[in-house]
Amino acid sequence: MSDGVQAIRYGMFIMPFHDPAKPLGQCYDEDLELIVRAEELGFSEFWIGEHHTMKYENIVMPEIFIARALGETRRIRLGPAPVCLNQHHPAHVAGRLAFLDHLSKGRLNLCFGAGSVTADQELFGADPKNAAAMVDEATDMILRLWSSEPPYEIEGKLWNIRLKKSVDEETGIGYVHKPLQKPHPPIAVPGTSRNSPSMRTAARLGFQPFGHCLIAGNVLADLWQTYAAAAVEAGRPPRRADFKVARSIFLADSTPEARRRARGNSLGRNFEYIGRLFDKGLGRRVYKRDPGMSDADCNLDYLMGEQIVAGSPDEVLRRLLLLIEETGPFGTLVLMSYDWDDKPSWLHSMELFARELMPALNKAVCGAAV
């Protein structure tokens, strides 16, 4: 499917989203169990979101959680998504991610972006107007730290990094650690909008495009078009195999059962919760297929036909093939997961996804079961 036709890999992403009444330790235990099960079912990668002040989305530093999960897994690649670069000093990010890459023995994936939670930004004094500029500057500084030797003197508009006077070669002091993977772990960039500036930046730097689960299929298609055009302009051939697409998919033995469960379980509640967050600030434009849609029309009925894919394996296959017709091929389908409010149904959905849906999807795309 590339470039030629390649099998679609599959991964998983958790924001995470949990019922605030559930003890935090139970939430983390369930997320850890989810990662272990994902590896058993052949998922190639697992992503964890970063949120500092949210009761529902309650992992404040995905890197710590990843370090815990490394000891429970052997193959699956793990990554924070995104590392909220506008909320951390670039030198700290560079050091801790290099450390984690060695700890993971090279199983670390990365995603760089801006944290957008208003409370997180207020807590860290990160002006939302500077978010894009902070991500760009931090990315440049991190890459420079990973590709150079001391002394370090990197001047920016938002941060400055200086390490000159205390560098001592004899005692090995004054060195920022570099990642195990060379030149660095794979880096993805999330995209949520038409004509996305972040997709142009990703293409220029050779990073991977990562389509968000909240956006409509035509916006996903626009992300790739924006990325591909910028890649060609930068002299980098765009590779469809690098394109990651996150979707909220829930499977059951029948389509009526899957749709009923998805409307009432933590998946449907998550979209309604995020809609309420949008209502308090930006409005629901992220959800919209047509920018002229009213916010009121971006309700659960609309979402069930667009961002949420619920059904039997045959129905979900039909929906995904329609999506691929609109977006073009992509390399990794990233399954969103939510709170285990009904653990058996969530595990059954996950098993249907890995054992029935993905082989059928790859047979349809590649002409043979993979």
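A brief report on the enclosed structure follows. It should be emphasised that the depicted structure is a prediction, and the values quoted were computed from it without experimental measurement.

## A closer look at the overall build of the protein
Per the secondary structure count, the protein includes twelve helices and twelve strands. Rg of the C-alpha trace for the protein: 20 Å, near the compact-globule value of 21 Å for 370 residues, within the 12% margin. Contacts spanning at least 24 positions in sequence make up 74% of the contacts within the protein whose residues lie at least 6 apart. With the model as given, the accessible surface of the protein reaches about 16,100 Å², and the carbon-plus-sulfur share is 53%. Computing the positive centroid from 43 side-chain charges and the negative centroid from 47, the protein places the two 2 Å apart.

## Digging into unusual backbone geometry
For the peptide bond that leads from Met15 to Pro16, omega is -10 degrees, which places it in the cis range. Mapping Pro16 onto the fold places it in the loop between β1 (9-14) and α1 (24-40). The residue Asn195 is not glycine, and still its phi comes out positive at about 50 degrees. Topologically, Asn195 is positioned in the loop between β8 (187-191) and α6 (197-205).

## Remarks on the pattern of salt bridges
The tally for this structure, following the rule as stated, stands at 24 salt bridges. Residue Asp127 pairs with Lys129 through a salt bridge whose shortest N-O separation is 3.1 Å. On the accessibility criterion, Asp127 (28% relative accessible area) is partly exposed. As a salt-bridge pair, Glu149 and Lys178 come within 3.2 Å of each other at their nearest N and O atoms. Of this pair, Glu149 sits in the loop between α5 (131-147) and β6 (152-155) while Lys178 is found in the loop between β7 (160-163) and β8, placing the two residues 29 residues apart along the sequence. A residue is classified by how much of its surface remains accessible, and Lys178, at 21% relative accessible area, is partly exposed. Three or more residues are tied together by salt bridges with common partners; here these are Glu153, Glu155, Arg162 and Lys164.

## Some points on the packing of aromatic side chains
Overall, the coordinates contain 16 aromatic pairs when judged by the stated rule. Measuring from centroid to centroid gives 6.4 Å for Phe13 and Phe210, while their planes differ by 90 degrees, and the two rings are edge-to-face. Of the two residues, Phe13 is situated in strand β1 and Phe210 in strand β9 (residues 208-211); the sequence distance between them amounts to 197 residues. Geometrically, the ring pair formed by Tyr56 and Tyr273 is tilted, given 4.5 Å between the ring centres and 40 degrees between the ring planes.

## As for the nonpolar core
Ranked by internal contacts, the top residues of the largest apolar core, which has 115 residues, are Phe43, Phe46 and Phe353. Residue contacts for Phe353: discarding those within four places in its chain leaves Tyr10, Phe43, Ile249, Leu251, Leu333, Leu335 and Met358.

## Structural notes on empty space enclosed by the protein
One pass over the structure, following the stated rule, counts two cavities of 30 Å³ or more. One number sums up the size of the largest cavity: a volume of about 60 Å³. In terms of lining, the largest cavity is formed by Met12, Leu34, Ile249, Leu335, Met336, Ser337, Trp340, Trp346, Ser349 and Met350. Counting residues per element, the ones that place at least two in the lining of the largest cavity are β12 (332-337) and α12 (343-366). Broken down by class, the residue content of the lining of the largest cavity amounts to eight nonpolar, two polar and no charged.

## Notes on α12
Helix length check: α12 (24 residues) gives 33 Å between terminal C-alpha atoms against 34 Å at 1.5 Å per residue, within 8%. Looking at the residues trailing α12, positive phi occurs at Gly367, about 90 degrees.

## With respect to α5
Helix length check: α5 (17 residues) gives 24 Å between terminal C-alpha atoms against 24 Å at 1.5 Å per residue, within 8%. When we look at burial in α5, the residues that qualify are Ala131, Met134, Val135, Glu137, Ala138, Thr139, Met141, Ile142, Leu143, Leu145 and Trp146. At its buried positions, α5 is contacted by α3 (90-103), β5 (110-113), β6, β7, β8 and α6.

## As for the environment of Ala354
Turning to its location among the elements, Ala354 is positioned in helix α12. Residue Ala354 is classed as buried on the basis of its relative accessible area, which comes to 8%. The sequence separation of Ala354 and Ile249 amounts to 105 residues, and the corresponding C-alpha distance is 12 Å. Look past the residues within four positions of Ala354 in its chain and what remains in contact with it is Tyr10, Leu41, Phe43 and Pro359.

The rules behind each value
What you see as residue numbers is a count from 1 along each chain, following the sequence as written. Residues qualify for local features only when their pLDDT is at least 70, as the model is predicted, and side-chain atom pairs are given and counted only at 80 or more; totals for whole chains, interfaces and linings, by contrast, use all residues. To obtain the side-chain values, all non-hydrogen atoms of the structure were used and water was disregarded. Secondary structure elements are defined from DSSP: runs of H or I of at least 4 residues count as helices, runs of E of at least 2 residues count as strands, and each element is numbered from the N terminus. C-alpha atoms define the radius of gyration in this analysis, and the globule rule sets the expected value at 2.2 Å times the number of residues to the power 0.38. In this description, contact between two residues means that some pair of their heavy atoms is separated by no more than 4.5 Å. Areas reported as accessible are Shrake-Rupley estimates using a 1.4 Å probe. Residue values count occlusion only from the protein chains shown. Here the positive residues are Lys and Arg and the negative ones are Asp and Glu; neither His nor the chain ends is included. Here the site of a charge means atom NZ of a Lys, CZ of an Arg, CG of an Asp or CD of a Glu. For this document, the term salt bridge refers to a Lys or Arg side-chain nitrogen within 4 Å of an Asp or Glu carboxyl oxygen. Three labels apply to residues, based on accessible area from a 1.4 Å probe with only protein chains included: buried if under 20% of the type maximum, exposed if over 50%, partly exposed otherwise in between. The criterion for an aromatic pair is that two Phe, Tyr or Trp rings (for Trp, the six-membered ring) have centres within 6.5 Å, with stacked assigned to planes under 30 degrees apart, edge-to-face to planes over 60 apart and tilted to the rest. By nonpolar core we mean a set of buried residues, namely Ala, Val, Leu, Ile, Met, Phe, Trp, Tyr and Cys, connected to one another through side-chain atoms within 4.5 Å. Here a cavity is any set of points on a 1 Å grid over the protein atoms alone where a 1.4 Å probe fits but cannot get out, and a pocket is any open set with protein on both sides within 12 Å along at least 5 of 7 lines; a residue lines the site when it has an atom within 4 Å of a point. Grid points are joined across faces, edges and corners, and a volume is the space filled by probe spheres set on the points. All amino acids are sorted into three groups, where Ala, Val, Leu, Ile, Met, Phe, Trp, Tyr, Cys and Pro are nonpolar, Asp, Glu, Lys and Arg are charged, and the leftover types, Gly among them, are polar. Take the number of residues in a helix, subtract one, and multiply by 1.5 Å to get its expected span.

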